[in-house]
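So you can see what is in the structure, the chains are spelled out below.
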Amino acid sequence: MSNDTRYEVVVVGAGPGGIAAACCAAESGKSVAVIDENAVAGGQFWRGGLSQYGTRQASQWLKRSQAVSIDWLENARVVALRSPDTLAVCRTDSEDVRTVRFGRLILATGARELFLPFPGWTIPGVTGVGALQALTKSGLDIHGKRVVIAGSGPLLPVVALNLKQYGADVLLVAEQAPEDRVGRFAASVGEQYSTDTWVERVSSNGDGELAVDIRQSGDSIRVQCELLACAYGLVPNSELASLIGCRVRPDATIEVDAQQSTSSAGVYAVGEVTGVGGANAAIMEGQVAGYAASGNTEALEPVLAQRDRVREITERTYAAYALREEIFRLAEDDTIICRCEDVALGSLLSFAAGRTAKLQTRCGMGPCQGRICGPITTRLFGWSSGSVRLPGSPVSLGQLAALGDR
Amino acid sequence: MSDTRAHIVILGAGIVGSACADVFVSDGLRVTLIDRSFPGSGATAEGMGHIVAMDGSPEELALSSYSRELWHSLSGSLSSSCEYRRFGTIWIAANDRHMSAVAAKHRVYDAIGIESHILDPAQLYRQEPNLRPGLAGGLLVPDDVVVYPPAVARELVDRAVARGAAAIFGVDVVRVDGPTVYLADRQEITGDVIINALGIGAPRISPHVPVRPRRGHLVITERVPAFVHHQLVELGYLDSAHGTSPVSVAFNVQPRATGQLLIGSSREFDVENSTVDWEILSRMVRLAVDYLPNARSLDAIRAWTGFRPASADGLPYIGPDPYNENVWLATGHEGLGITTALGTAHLLLDQLRGRSTAIPAEPYWPARILEESRGER
Ligand SMILES: Cc1cc2nc3c(=O)[nH]c(=O)nc-3n(C[C@H](O)[C@H](O)[C@H](O)COP(=O)(O)OP(=O)(O)OC[C@H]3O[C@@H](n4cnc5c(N)ncnc54)[C@H](O)[C@@H]3O)c2cc1C
Ligand SMILES: Cc1cc2nc3c(=O)[nH]c(=O)nc-3n(C[C@H](O)[C@H](O)[C@H](O)COP(=O)(O)OP(=O)(O)OC[C@H]3O[C@@H](n4cnc5c(N)ncnc54)[C@H](O)[C@@H]3O)c2cc1C
């Protein structure tokens, strides 16, 4: 077990929100560490590292981050609070563990994709939307592959364009929201973008070919493809916040005040984990938290108003993607809800509360600890996600033993 | 109880109350079962589900081995969700001192007809290749069982209800006065006999009954089928279970029907909060990976704590409450309540019916403790 270095500000998550927060705290003269489970800082937006992206925004933050002293703890996952001011950290590429002490803590843990069940959603060839993009960026060859992208949100057209650049044959981008709300996104993708459209079912004929049944403006059509990427927006990664004791809303977003403070003293939260969509908002929130956590009121003042403006724009954008009722009624009795424990919809229907169902069927008790099915059962049955149990993500027994060893 | 249709009100639908409901209804009694939550949601949901012949004392062994037989008989009617597996137990001897304890334990089991086999090191490693080298041997008890307790509780309740038991769930029991049970929603239920099977909640209704919560930690791993084949317990376990030290930890690893490992166990008195304690958790896990070095790289997916209802002397309270002629107690089962729930239910039934019991019932009568404490006042 290595030493527990103390930093005045510790940031968990090195996405746009975390990077901005860390820079602002370091520029304010604080000792800063950023902890992220990936090999390179960047998060979902700058996956693979800032230097890979030619945008003005990316180069600006690359420059700012290089101009100050920040300790980047990479391949490192925060699994729990070890004591009130100490994080328990596990390496993701070795069995090493360490602790990190903090004065102030900024949670910038981002979000994951929201999956909603329909018959066939768990068969091979069906992935998440951001997940397919990430796979492609890390080397999956999709050249010439026929792809259907479905679900909801601004990520759909972004990923569609991106996959096209990699040579994919994007047959259809199915957005469940109505045209009058999101129509302007259609232009960027072209004729394949279709609103009022959603996947009802998918089946496989065995040799890598998927048959996707789609409802499009009231009609049923069938599209044959090789890959179906489907996601309905994002769910905040707020498990760590719950373990720490921050107040988290039923939709899993962390409650924050105007200065990005959570309900726990000295703990801030920024970016997608607070429910605010998009990298721009994450960056603005990161700056607010970075300055606020450093007590840099002079720098804080101007970014507050900027953040509010960006928030307002993104909130308006995201409101357009409210999910329609039909999406929640697609699963059938034998449709899997909990992938880890193979629990189907039918076996959950007789339970009134999430905890009973969990205990009796093990729904949500597998290795992912309900990260996938928790948001589903919340939306389908109104079950609360319940208390988060330690560790925040799976750690080896060896690491668990070592973490208490102090 | 000559009135065959007497009305029994059971407070608490943990494994103990659920077993009572099932057994009483089968014998023709009228039953009302009450719980503030749902069946099996208390200690029954938090524990390990090891059905074990435990020889901490002759009385403990009598009740646990009687109960174990009842589990064997019940098994045929349990659905697969109960995950009943006759995995057996291996008591592990780390050294020669433990090995002589193995021999003694073997004799104890033998004397009451419980099958067990002394294992030399070669036999031990044939059974459990993942154990660390250098152990002295062990004692295999093949007929010990593992179940998934909350599913059993639910099933026993469903069966009882299907045969006419009334169930009131989601309401707190507030107090008992004479033959009447008062619920938080102002219902009043009157019974011929009231069974207090409220686990650690028992003293709320019967304040004179000494039941202390004894906290335990558990960790469950990812699925690793056939990593171990028996419940593995170190011989030092009994010291831990029966000792009085404020914190004790013992090696205790259970194979689940799912292929997961459930790792225990710790014991602490006088802690009320359910927050996982890192010190204790890691002591427990270190002991587990010390015995099973290859488990080091297995992922732990969840850790939690639970509270055993501990009695004053290590034996459960089963029998009439000397303070209230309408109430019978069925609590204080500590770390053995899954095992002993069935024996508890049958002992109560036979006594209520005025029949002779399969094992002597007096050792478990609450009077042994309560009369004493009454005298002290
Ligand atoms: C799969 C996916 C792909 C996306 N792709 C795009 C895209 O191409 N374009 C776009 O505009 N938006 C994309 N988004 C939306 C994106 O989440 C936001 O726009 C933006 O990245 C939010 O920034 P953030 O700082 O809040 O979080 P993120 O960028 O998500 O960063 C959070 C970081 O924290 C890390 N982390 C979380 N928990 C821990 C922990 N306990 N210990 C250590 N590290 C932890 C995560 O691994 C991640 O690196 C994507 C989202 C997802 C889920
Ligand atoms: C870590 C750990 C490991 C264990 N391992 C094993 C093992 O391997 N083998 C074994 O045999 N035993 C084991 N046990 C012990 C076993 O779990 C308990 O002895 C057993 O579950 C007790 O059952 P019960 O029905 O008495 O209590 P509970 O299951 O707690 O049931 C009591 C019920 O009463 C209800 N209740 C309480 N107060 C009120 C009220 N005022 N109004 C209405 N309802 C109320 C509760 O909701 C609860 O459902 C373990 C326990 C722990 C904590």
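Keep in mind the model is a prediction, meaning the values are calculated, not measured.

Residues and elements named next belong to chain A. The full set close to ligand 1 counts 30 residues, and Gly17, Asp36, Glu37, Gln133 and Glu272 are the nearest of them. Contacts to ligand 1 include Val78, whose backbone N or O atom sits 3.0 Å from a nitrogen atom. In the complex, 90% of the free accessible area of ligand 1, which totals 980 Å², lies under the protein chains. Contributing elements (two or more residues each) for the shell around ligand 1: helix 1 (16-27), strand 4 (76-83), strand 7 (111-113), helix 3 (129-137) and helix 8 (279-294).

A separate point is the domain arrangement of chain B. All names here are of chain B. Here chain B is described as being made up of domain 1 (7-49 + 149-210 + 313-376) and domain 2 (89-142 + 212-310). Each of domain 1 and domain 2 was reduced to a C-alpha centroid, and the two centroids are 29 Å apart. Taken together, the 13 residues of domain 1 in the interface contact 20 residues of domain 2. Carbon and sulfur atoms make up 58% of the surface buried where domain 1 meets domain 2, a total of about 1200 Å² over both sides. Taken as a group, Glu46, Met48 and Glu334 account for 58% of the area that domain 1 buries against domain 2, more than any other trio of residues on that side. Across the pair Arg267 and Glu334 runs a salt bridge whose closest N-O atoms are separated by 2.9 Å. Taken together, the links from domain 1 to domain 2 amount to eight residue pairs in polar contact (both at pLDDT 80 or more). Counted by class, the side of domain 1 that touches domain 2 contains four nonpolar, seven polar and two charged residues.

Below, the discussion takes up the site of ligand 2. Residues and elements named next belong to chain B. Lining the immediate environment of ligand 2, one finds 33 residues, of which Asp35, Thr44, Val173, Glu334 and Thr339 sit closest. Between ligand 2 and Ile338 there is a distance of 3.0 Å, counted from an oxygen atom to a backbone nitrogen or oxygen. Contact between ligand 2 and Thr339: an oxygen atom at 2.8 Å from a main-chain N or O atom of the residue. For ligand 2, the protein covers 96% of the area, taking 1000 Å² as the surface of the free molecule. Those elements that provide at least two residues to the shell around ligand 2 are helix 1 (15-26), helix 2 (43-46), strand 17 (299-310) and helix 10 (337-352). Broken down by element, the shell around ligand 2 gets its largest block of residues, four residues, from strand 17. Residues of the shell around ligand 2, tallied by class, amount to 13 nonpolar, 14 polar and six charged. Two domains share the shell around ligand 2, each providing at least three of its residues, namely domain 1 (7-49 + 149-210 + 313-376) and domain 2 (89-142 + 212-310).

Criteria and thresholds
- Residues numbered from 1 in each chain as written.
- Chains lettered and ligands numbered in written order.
- Predicted model: local features only at pLDDT ≥ 70, side-chain atom pairs only at ≥ 80, totals over all residues.
- Heavy atoms only, no water.
- Near = heavy atom within 4 Å.
- Polar contact = N/O pair within 3.5 Å; in protein donor to acceptor, adjacent residues only side chain to side chain.
- Areas by Shrake-Rupley, 256 points an atom, 1.4 Å probe, with all protein chains shown as cover.
- Helix = DSSP H or I, 4+ residues; strand = E, 2+ residues; numbered from the N terminus.
- Domains from an automatic or database assignment.
- Contact = heavy atoms within 4.5 Å.
- Buried area = accessible area lost by both parts, 1.4 Å probe.
- Salt bridge = Lys/Arg side-chain N within 4 Å of Asp/Glu carboxyl O.
- Nonpolar A, V, L, I, M, F, W, Y, C, P; charged D, E, K, R; others polar.

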